[in-house]
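So the chains spell out like this:
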Amino acid sequence: MSAQCEVTGKRAAGAPLGFFEKYLSLWVFLCIVAGTVIGLVAPDAAQAVGGLQVAQVNIPVGILIWVMIIPMLMKIDFSALRDVYDQRAGMGVTLTVNWLIKPFTMALFAWFFLRHVFAGWLPADQIDSYVAGLILLGAAPCTAMVFVWSNLCNGNANFTLSQVAVNDAIMLFAFAPIVALLLGVSSIPVPWETLILSVVMYIAIPLAIAQWIRSRLRRKGEAAFEAALARIGPFSMLALLATLVLLFSFQGETIVEQPLIIAILAVPILLQTLVIAALGYWLCRKLKVRHDVAGPAAMIGASNFFELAVAVAIALYGFNSGAALATVVGVLIEVPVMLWLVRMVMRTRGWYEAGSGD
């Protein structure tokens with residue numbers, strides 16, 4: 001990798017945890033409260049916003065999703081793909097976990113907990129939708145926040161960039177088929193046209209726009225590019241929070257009537273996060289992958305591209321669906337759980353290196 005690209009990698013993966021990111025779980029909780037109150041106090045206004053649709057796409061949410069996703073996709077450097085071979089063992093772990101294990105274990109956990117263990121506490125007509133939301137969450141590996149997790153566990157910056165670039169390239173082609181397969185296995189109807197439209201709208205087009213903006217900004221120099229990312233970063237988080245307020249404004253009555261739903265949905269998500277992180281970390285140790293590569297390799301599988309999952313859930317099933325609610329629960333618990341996992345990765349470095357031969 002060139003010296004300039006190496007510097008870019010270090011800055012991207014080494015960015016500090018920003019104000020919004022650091023307290024994201026708190027903001028999400030406040031949005032749940034605000035959205036729920038709006039749904040109870042002004043349900044007609046919420047429904048009016050939900051009715052602003054074109055081709056099953058809600059216009060306000062579509063705009064918010066693009067504002068949310070594009071700044072994150074701008075961080076991806078596809079030139080990092082040239083260095084995949086240098087860390088092929090770590091890359092093999094992240095690809096195996098993200099695409100051959102993670103989506104299927106999430107579907108399994110969703111089936112076990114939502115259709116069996118907690119079925120009696122959930123509205124029967126929404127169980128399929130909750131399962132679909134968890135499948136969407138499990139099929140989308142992290143894109144942006146992994147840079148933060150990598151930084152906090154002293155991860156290798158170049159590897160972090162490489163794995164994000166590879167996973168995003170795969171996501172363009174694999175996300176829709178995997179989601180469709182798992183929905184079919186779960187006996188949930190697959191709206192193919194809407195699913196493909198969602199992939200185009202929320203992966204392909206934003207990624208193309210983000211990379212075009214990135215190339216334009218990079219021409220002005222690395223400092224200008226980093227300054228632009230710093231300026232627009234907060235808008236991404238604000239768009240996420242605004243989307244959550246709108247979503248929960250539709251879920252207000254459901255949440256008040258059955259407050260345990262969020263806690264129930266959190267169980268398979270939490271278990272999935274811990275299992276995938278442990279598996280990725282253990283595989284890296286067995287393959288004698290360097291610790292600064294093992295950290296980000298485990299983090300990307302444990303966390304989710306929840307912005308995409310939320311967007312596709314809304315497009316496929318609507319604002320007031322169980323699928324949309326399930327994806328948002330993923331946002332609520334991800335930050336504190338991932339921060340705990342980062343601490344575990346750092347505390348177990350001695351154990352890791354003793355077994356990996358570092």
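None of these values were measured; they are calculated from a predicted model.

Rules used in this analysis
- Residues numbered from 1 in each chain as written.
- Predicted model: local features only at pLDDT ≥ 70, side-chain atom pairs only at ≥ 80, totals over all residues.
- Heavy atoms only, no water.
- Helix = DSSP H or I, 4+ residues; strand = E, 2+ residues; numbered from the N terminus.
- Buried < 20%, exposed > 50% of the residue type's maximum accessible area, 1.4 Å probe, protein only.
- Contact = heavy atoms within 4.5 Å.
- Areas by Shrake-Rupley, 256 points an atom, 1.4 Å probe, with all protein chains shown as cover.
- Phe/Tyr/Trp six-rings, centres within 6.5 Å; stacked < 30°, edge-to-face > 60°.
- Lys NZ or Arg CZ within 6 Å of the ring centre and 35° of its normal.
- Expected span 1.5 Å × (residues − 1).
- Core = buried A, V, L, I, M, F, W, Y, C linked by side-chain atoms within 4.5 Å.
- Axes fitted to C-alpha atoms, helices over the stretch in contact; angles between N-to-C directions.
- Left-handed = near helix turned anticlockwise from the far one by under 90°.
- Nonpolar A, V, L, I, M, F, W, Y, C, P; charged D, E, K, R; others polar.
- pLDDT = per-residue confidence, 0-100.
- Parallel < 35°, antiparallel > 145°, perpendicular 65-115°, else oblique.
- Patch = residues over 30% accessible without salt bridge, like charges linked within 9 Å, V, L, I, M, F, W, Y side chains within 5 Å.
- Salt bridge = Lys/Arg side-chain N within 4 Å of Asp/Glu carboxyl O.
- Lys, Arg positive; Asp, Glu negative; His and termini not counted.
- Charge placed at Lys NZ, Arg CZ, Asp CG, Glu CD.

## Digging into the overall build of the chain
In terms of regular secondary structure, the chain is built from 16 helices and two strands. The 358 residues of the chain split such that 56% are buried. Within the chain, contacts between residues at least 6 apart in sequence are counted, and of these 87% link residues at least 24 apart. Of the roughly 14300 Å² of accessible surface on the chain, 68% is carried by carbon and sulfur atoms.

## Notes on the packing of aromatic side chains
In the structure shown here, the tally under the stated rule is five aromatic pairs. Between the aromatic rings of F113 and F118, the centroid separation amounts to 6.0 Å while the plane-to-plane angle is 20°, which identifies the pairing as stacked. A centroid spacing of 6.2 Å and a plane angle of 40° characterise the contact between Y281 and W351, whose relative ring orientation is tilted. Taken as a pair, Y281 in helix α12 (residues 260–286) and W351 in helix α16 (residues 349–356) lie far apart in primary sequence, 70 residues in all. Assessed through its relative accessible area of 9%, Y281 is described here as buried. Overall, W351 belongs to the partly exposed group, its relative accessible area being 45%. Chaining the aromatic ring pairs together yields one cluster made of F112, F113, F118 and W121. Against the face of F225 rests R218, its NZ or CZ located 5.8 Å from the ring centre. Looking at R285, its charged tip hangs above the ring of W351, at a distance of 3.8 Å from the centre.

## Some details on the environment of S236
With respect to the helices and strands, the residue S236 is situated in helix α11 (residues 222–257). Separated by 172 residues in the primary sequence, S236 and L64 have C-alpha atoms spaced 8.4 Å apart. If near-sequence neighbours (up to four positions away) are discounted, S236 is found in contact with V67, M68, P71 and M72.

## Some details on helix α13 (residues 291–302)
For α13, spanning twelve residues, the distance from its first C-alpha to its last is 16 Å, which sits close to the expected 16 Å at 1.5 Å a residue. Extensive coverage of α13 is indicated by the burial of twelve of its twelve residues.

## Digging into unusual backbone geometry
The backbone of N154 sits at a positive phi, close to 55°, despite the residue not being glycine. Topologically, N154 is positioned in the loop between α8 (145–152) and α9 (157–185). With a phi angle near 60°, K288 is a residue other than glycine that sits in the positive phi range. Along the chain, the position of K288 falls in the loop between α12 and α13.

## Quick notes on the nonpolar core
Among the nonpolar cores identified, the biggest contains 121 residues, and F175, M299 and L308 are the most heavily contacted of them. For this core, the leading source of residues is helix α15 (residues 322–347), giving 15 residues. Setting aside its immediate chain neighbours within four residues, F175 contacts L136, A139, A140, I170, V199, I203, L308 and V312.

## Some details on the packing of helix α10 (residues 192–218) against helix α14 (residues 306–317)
Where α10 contacts α14, the axes come no closer than 10 Å and their chain directions differ by 145°. In this structure, α10 crosses over α14, and the sense of that crossing is right-handed. Counting all contacts with α10, which are made through T194, L195, S198, Y202 and I203, the residues of α14 involved are L308, A311, V312, A315 and L316. Here the contact of α10 with α14 is composed, by residue class, of eight nonpolar, two polar and no charged.

## Here we look at α14
With twelve residues, α14 extends 16 Å between its outermost C-alpha atoms, agreeing within 8% with the 16 Å of an ideal straight helix rising 1.5 Å per residue. Burial analysis of α14 places eleven of its twelve residues in the buried class, which makes it a mostly covered element. Among the residues of α14, those classed as buried are F306, E307, L308, A309, V310, A311, V312, A313, I314, A315 and L316. A positive phi of about 100° marks G318, the residue just after α14.

## Describing the confidence of the model for the chain
In this model, the chain carries an average pLDDT of 81, and 86% of its residues clear a pLDDT of 70 or more. Contacts for the low-pLDDT stretch residues 1–15, under 50 throughout, to residues beyond four places or in other chains number 31 contacts.

## Digging into the packing of helix α7 (residues 127–138) against α12
Relative to each other, α7 and α12 sit at 40°, their axes nearing to 11 Å. Classified by the angle between their axes, α7 and α12 sit oblique to one another. Handedness of the crossing formed by α7 with α12: right-handed. Taking contact as the criterion, the partners of Y130, L134 and L137 in α7 are, on α12, I261, L265, P268 and I269. The residue inventory of the contact of α7 with α12, partitioned by class, reads seven nonpolar, no polar and no charged.

## Some remarks on a positive patch on the surface
Side chains of R216, R219, K220 and R231 sit close together on the surface and give a patch of like positive charge. Counting through the fold element by element, R231 comes out in helix α11. Here R231 falls in the exposed class, since its relative accessible area comes to 56%.

## Overview of the environment of L271
Relative to the elements of secondary structure, L271 occurs in helix α12. By relative accessible area, which is 30% here, L271 ends up partly exposed. Each C-alpha atom of the pair L271 and M106 lies 9.0 Å from the other, and the pair is 165 residues apart in sequence. If near-sequence neighbours (up to four positions away) are discounted, L271 is found in contact with F109 and F113.

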